[in-house]
Amino acid sequence: MSDPAVRVDTTSQVPPYEQIRAQLAALIRTGRLVEGERLPTVRQLAVDLGLAPGTVARAYRELEAAQLIRTRRGAGTRVAPLPDAPHGHDVHQLSTLARDFTAAARALGAGTEDILTAVRKALDSESEPAPASRHSGSSANPTEASATIPAVGSRAR
């Protein structure tokens, strides 16, 4: 199975730190990143995505506040055990993401049925491993950057 990837779209209304936070949180909550897996350093992920280190640091701080990751000096940043309580999704964030997607799809000329079909296909493909490039930091779209996670890839011992 290929490592999951994080993508940042610089044309999105969603700030880059929030895109990173939301994607990593989803990867952790769905089990694609498991407890103990090591995440790239702030500096490395920033380089891979072409962002300022402070942007990635903010995403990591918010993930730590949500108790999804832990950073320890000398041990790096690792996926934390999932909290026992079920986690509801952020309705506001979901609405923002849906608006961004539909606006971009309409700009491409897609109609309502095309948009709904694309969403259904995306939901169906979640159960299949997504093809992720081993070449981090490049994308065919100049407004989008991606990074393979975990770039450092080892589990806690």
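Shown above is the structure to which this text applies.
In this text, all values refer to a predicted model and were calculated from it rather than measured experimentally.

Cut-offs applied
Residues numbered from 1 in each chain as written. Predicted model: local features only at pLDDT ≥ 70, side-chain atom pairs only at ≥ 80, totals over all residues. Heavy atoms only, no water. Salt bridge = Lys/Arg side-chain N within 4 Å of Asp/Glu carboxyl O. Helix = DSSP H or I, 4+ residues; strand = E, 2+ residues; numbered from the N terminus. Buried < 20%, exposed > 50% of the residue type's maximum accessible area, 1.4 Å probe, protein only. Axes fitted to C-alpha atoms, helices over the stretch in contact; angles between N-to-C directions. Parallel < 35°, antiparallel > 145°, perpendicular 65-115°, else oblique. Left-handed = near helix turned anticlockwise from the far one by under 90°. Contact = heavy atoms within 4.5 Å. Nonpolar A, V, L, I, M, F, W, Y, C, P; charged D, E, K, R; others polar. Pairing = 2+ DSSP bridges. Core = buried A, V, L, I, M, F, W, Y, C linked by side-chain atoms within 4.5 Å. Arc of directions from axis to C-beta.

Chemist: Describe the pattern of salt bridges, listing the residues and the values that go with them.
Modeler: Taken as a whole and judged by the stated rule, the model has two salt bridges. R21 is paired through a salt bridge with E18; the nearest N and O atoms lie 2.7 Å apart. Of this pair, R21 and E18 both sit in helix α1 (residues 16-29), three residues apart, which is roughly one turn of the helix. For the pair formed by R21 and E18, the shared burial category is buried.

Chemist: Outline the packing of α1 against helix α3 (residues 53-65), listing residues and values.
Modeler: Their axes nearest at 8 Å, the elements α1 and α3 cross at an angle of 40°. In terms of their interaxial angle, α1 and α3 are classed as oblique. As for how α1 packs across α3, the hand of that crossing is right-handed. Contacts between α1 and α3 involve P16, Y17, E18, I20, R21, L24 and A25 from the former and T55, V56, R58, A59, Y60, E62 and L63 from the latter. Class assignment of the residues belonging to the contact of α1 with α3 gives a composition of nine nonpolar, one polar and four charged.

Chemist: Describe in detail the sheet that holds strand β4 (residues 76-79), supporting the description with residues and values.
Modeler: The three strands are arranged β2-β4-β3 in an open sheet whose pairing can be described as antiparallel. The open sheet has two free edges, formed respectively by β2 (38-39) and β3 (69-72), since each of these has just one partner strand. Relative to β4, β3 runs antiparallel, the two sharing four bridges. The partner of R72 across the bridge, within β4, is G76. Running at roughly 110° to β3, α3 makes contact with β2, β3 and β4 of the sheet.

Chemist: Which residues make up the nonpolar core, and what are the values?
Modeler: Core analysis: the largest hydrophobic core is formed by 24 residues, its most contacted members being I20, L24, L33, L45, L49 and Y60. Elements with a contribution of two residues or more to this core: β1 (5-9), α1, α2 (42-49), α3 and β5 (144-148). The element that contributes the greatest number of residues to this core is α1, accounting for six residues. Leave out the neighbours within four places in its chain, and Y60 touches L24, L39, P40, T41, V42, L45, I69 and T77.

Chemist: Let's hear about α2: which residues, and what values?
Modeler: Within α2 the residues assigned to the buried category are L45, A46, D48 and L49. Take α2 and look down its axis: the buried residues cluster within an arc of 165°, on one side only. Exposed residues on α2 whose side chains face more than 90 degrees from its buried face are R43 and V47. Downstream of α2 by one or two residues, G50 has phi in the positive range, about 70°.

This is a description of form; function is not addressed.
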